[in-house]
Amino acid sequence: MRQDHLVTSKQLSRADVEAVLDRAAEIDADPGAVADRHAGSLLGLLFFEPSTRTKMSFEAAIKRLGGDTVDMGAVDASSVTKGESLADTVRVAAGYADALVLRHPRQGAATMADEFVDVPLINAGDGAGHHPSQTLLDLYTIRENAGLDDLTIGIMGDLKYGRTVHSLSYALTNFEADQHFISPESLQLPREVVYDLHLEGATVREHEGYEAILPSLDVLYVTRIQRERFPDENEYQQVAGEYRIDADALEAAEDDLTVMHPLPRVDEIAPDVDDTDHAAYFEQAHNGVPVRMALLDMLLGDGDE
C-alpha cells in the first residue's frame, strides 16, 4: 500500500489487506499497547456530508493512539459557503494536521484532493465512488466470522450508488470469493464496475431476488436504498422498501450465515434479526475503531513498515 494516501480499494493488494487486518487484530486484542504510539499527532476531519460511524470511529481511533483531531465542522459554517474550492480547503487543512480524512458528495473528489496535499489522505467516501476504510473493516468482520477464501457472499440493495458495495466488490477480487449481486434492475452495479470486476477475474452473478441463493450464502451484505443519491424522487419511491430481511426469511439460511450492513439502516433489516446469531452489523461498526487505528498507525508510521 502507498504510504501516503488511501483513496480507493483498487490500491489494495491481498498482502496490503492482510497487513492491515493482522495489525487490527493485534490492536483489538491489546489496545492499551498502542495508547501513546502517536501522541501529539493531529488528524484533520473534513466531512462535506453527514457521518456518524465513520467520523466518530476515526476520532476514537486517533485518540486511542494518543493523538487528537482538528475538525472542519459543518459545511455551512465553513469557508465553503464563501466559495472556497476543495483544493484550497485541503491545502489549508494539510498545514494544520498530520493526516486528513475526507468525505465528499462528489465522486472522484478524493482523487483530485490527493494531488494537493503532502500528508496522508484517507477517502472516507466520495459520492457513489469508494469508501476504502469501510471496506477494510468489512473484510475484517468477514474474516472473523466466515473467512475470506472459499467465500460465497450476497451483496444486496443499492448497488448503483452504493460506494461501500463498489469498494468491497473490488477488494474481494483479491480472495477466492464467489460474489452474488442482488438488486432491482434499476439499481444494478454500474456497467463500468462490472467491467472492472471482469478484468480482475471475478464472475458477476446478478439476481433480482435473494430467496433462491440465500441457502448457499456464507455472508449476506445488506445495504440501504440511498434516497439522497437519487436525482429523481420518483425513481427512489419505485424501489424504496423493495428488499427486507427479517428473522422468518433467515430460516432458509444456513445456521452460520453472517448478516452485515454498513449502516445506517432504514427498513431493509427488521429489528427481529438483531437478536439472532446471524446479526453482525453492530460488531461490524465496532470493528471500525481497531481497523482505523491500524490504518492510521501504518500511514502515520516512520516508513519502516
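Whatever comes next refers back to the structure up there.
None of the values given here were measured: they were computed from a predicted structure.

Conventions adopted
Residues numbered from 1 in each chain as written. Predicted model: local features only at pLDDT ≥ 70, side-chain atom pairs only at ≥ 80, totals over all residues. Heavy atoms only, no water. Patch = residues over 30% accessible without salt bridge, like charges linked within 9 Å, V, L, I, M, F, W, Y side chains within 5 Å. Areas by Shrake-Rupley, 256 points an atom, 1.4 Å probe, with all protein chains shown as cover. Salt bridge = Lys/Arg side-chain N within 4 Å of Asp/Glu carboxyl O. Lys, Arg positive; Asp, Glu negative; His and termini not counted. Charge placed at Lys NZ, Arg CZ, Asp CG, Glu CD. Helix = DSSP H or I, 4+ residues; strand = E, 2+ residues; numbered from the N terminus. Buried < 20%, exposed > 50% of the residue type's maximum accessible area, 1.4 Å probe, protein only. Pairing = 2+ DSSP bridges. Axes fitted to C-alpha atoms, helices over the stretch in contact; angles between N-to-C directions. Parallel < 35°, antiparallel > 145°, perpendicular 65-115°, else oblique. Left-handed = near helix turned anticlockwise from the far one by under 90°. Contact = heavy atoms within 4.5 Å.

Caption draft 1: Local environment of a negative patch on the surface. A contiguous patch of negative charge, built from Asp248, Glu251, Asp272 and Asp275, is present on the exposed surface. Within the element layout of this structure, Glu251 appears in the loop between helix H8 (233-239) and strand S10 (258-260). Judged by its relative accessible area of 66%, Glu251 falls in the exposed class.

Caption draft 2: Region of the structure containing the sheet that holds S10. Ordered in space as S8-S7-S6-S9-S10, the 5 strands form an open sheet in which the pairing is parallel. Both edges of this open sheet fall to strand S8 (205-207) and S10, since each of them pairs with a single strand only. Taking each pair of neighbouring strands and ignoring which way they run, the sheet shows an average axis angle of 20°. Relative to strand S9 (residues 219-222), strand S6 (residues 151-156) runs parallel, the two being bridged by 4 bridges.

Caption draft 3: Molecular detail of the pairing of strand S5 (residues 121-126). S5 sits mainly inside the fold: 6 of its 6 residues count as buried. Pairing between strand S1 (residues 5-6) and S5: 2 bridges, direction parallel. Its bridge partner lying in S5, His5 is registered against Leu121. As defined by bridge partners, strand S4 (residues 99-104) adjoins S5 across 4 bridges and the pair is classed as parallel.

Caption draft 4: Broad picture of the packing of helix H5 (residues 132-145) against helix H10 (residues 288-299). Two elements in contact, H5 and H10, have axes separated by 9 Å at closest approach and are oriented at 120°. The pairing of H5 with H10 is recorded here as oblique in orientation. When the axes of H5 and H10 are compared, the crossing they make is right-handed. The residues of H10 that touch H5, namely those facing Ser133, Gln134, Leu136, Leu137 and Tyr140, are Gly288, Val291, Arg292 and Leu295.

Any functional reading would require information beyond the geometric quantities listed.
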